[in-house]
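Per-entry structural report
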Amino acid sequence: MSEMRLYDTSGNRLYLNAEERADFLAVARRKPARDRTLCETLLFTGCRPSELLEITPARIDLSGGCITIRSLKKRKDVSGRSKAVFRSVPVPPDYLDTLNTAHGIREAQKSRKQANAPIWPISRVRVWQIVKGIMIEAGIPDAPHRSPKGLRHGFGINATVNGIPLHMLQKWMGHAQLSTTAIYADAVGKEEQDIAAKMWN
């Protein structure tokens, strides 16, 4: 298994910083409902595109304010068989209202068939194209972090900068090992300044 990193071998950043996340969100919110909610879900949950495509109305807890995501990295039980692992990620109430309005989540939950149908019935390649297009429009530089993975890493960095405990972030991101999550504590630049400012104040 390859080691997870925040920089590539040339030292290029692999995550969106706070300003880029804000620019991405601003552009996404001007898009049609499907693309807007898709982008907001990636931004607010830190999920992988393949995990996003498995989200159904049944996995949206409107009153509890969270989304349940199936972790798609392979895990094995003690006997060596693959096992399903789910994680619950809290999300902003305004985003949930938009998701409900755009996709009729509450109504869909009344029917077992509709409740278990994917919210975004598109391909992973199409998710990548939508995200990349919005990132280009948002003025995010043509660099390795201009990708869905950059959003996932940006979620991790943003959580760390805002003081989320690593064990909680580990749960939200679906990491099997805390050592994987710990890379987000290795933030630099403006993110590191924000962390240090908490000590100065």
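As the structure is a prediction and not an experimental result, all values here were calculated from the model.

So, about the sheet that holds strand 1 (residues 60-61). Pairing within the open sheet is antiparallel, and its three strands lie in the order 1-2-3. With partners counted over all chains shown, the strands left at the sheet margins are strand 1 and strand 3 (85-90), one partner each. By the bridge criterion, six bridges tie strand 2 (residues 66-71) to strand 3 in an arrangement that is antiparallel. Paired with I67 across the two strands is V89, which belongs to strand 3.

Glancing now at the pairing of strand 2. Inspection of the sheet shows strand 1 paired to strand 2 by two bridges, in the antiparallel sense. Each residue of the ladder has a partner; that of I60, found in strand 2, is I67. Linkage of strand 1 to strand 2, two consecutive antiparallel strands, is achieved through a turn of four residues, within which G65 is found at a positive phi near 70 degrees.

This part takes up the packing of aromatic side chains. One pass over the full model with this rule turns up one aromatic pair. An angle of 55 degrees between the planes, with centres 5.5 Å apart, marks the rings of F44 and Y95 as tilted. Of this pair, F44 sits in helix 2 (residues 33-45) while Y95 sits in helix 4 (residues 93-103), placing them 51 residues apart in sequence. Taken individually, F44 and Y95 each receive the classification buried, so the pair is uniform in this respect. Note that R13 overlies the ring of Y15, its terminal NZ or CZ placed 5.5 Å from the centroid.

It is worth spelling out the side chain of R146 at this point. Note that R146 resides in the loop between helix 7 (124-137) and helix 8 (148-161). In this structure the side chain of R146 is engaged in a polar contact, spanning 3.1 Å, whose partner is the backbone oxygen of I140. Excluding residues that lie within four positions of it along the chain, R146 makes contacts with K132, M135, I136, I140 and P141.

Relative orientation of the contacting elements helix 1 (residues 18-28) and helix 2 amounts to 155 degrees, with a least axis distance of 9 Å. Taken together, the axes of helix 1 and helix 2 lie roughly antiparallel to each other. Along this stretch, helix 1 crosses helix 2, giving a crossing that reads as left-handed. Listed contacts from helix 2 to R21, F24, L25 and A28 of helix 1 are R36, C39, E40, L43 and F44.

Cut-offs used in this document
Residues numbered from 1 in each chain as written. Predicted model: local features only at pLDDT ≥ 70, side-chain atom pairs only at ≥ 80, totals over all residues. Heavy atoms only, no water. Pairing = 2+ DSSP bridges. Helix = DSSP H or I, 4+ residues; strand = E, 2+ residues; numbered from the N terminus. Phe/Tyr/Trp six-rings, centres within 6.5 Å; stacked < 30°, edge-to-face > 60°. Buried < 20%, exposed > 50% of the residue type's maximum accessible area, 1.4 Å probe, protein only. Lys NZ or Arg CZ within 6 Å of the ring centre and 35° of its normal. Polar contact = N/O pair within 3.5 Å; in protein donor to acceptor, adjacent residues only side chain to side chain. Contact = heavy atoms within 4.5 Å. Axes fitted to C-alpha atoms, helices over the stretch in contact; angles between N-to-C directions. Parallel < 35°, antiparallel > 145°, perpendicular 65-115°, else oblique. Left-handed = near helix turned anticlockwise from the far one by under 90°.

Geometric values such as these leave the question of function open.
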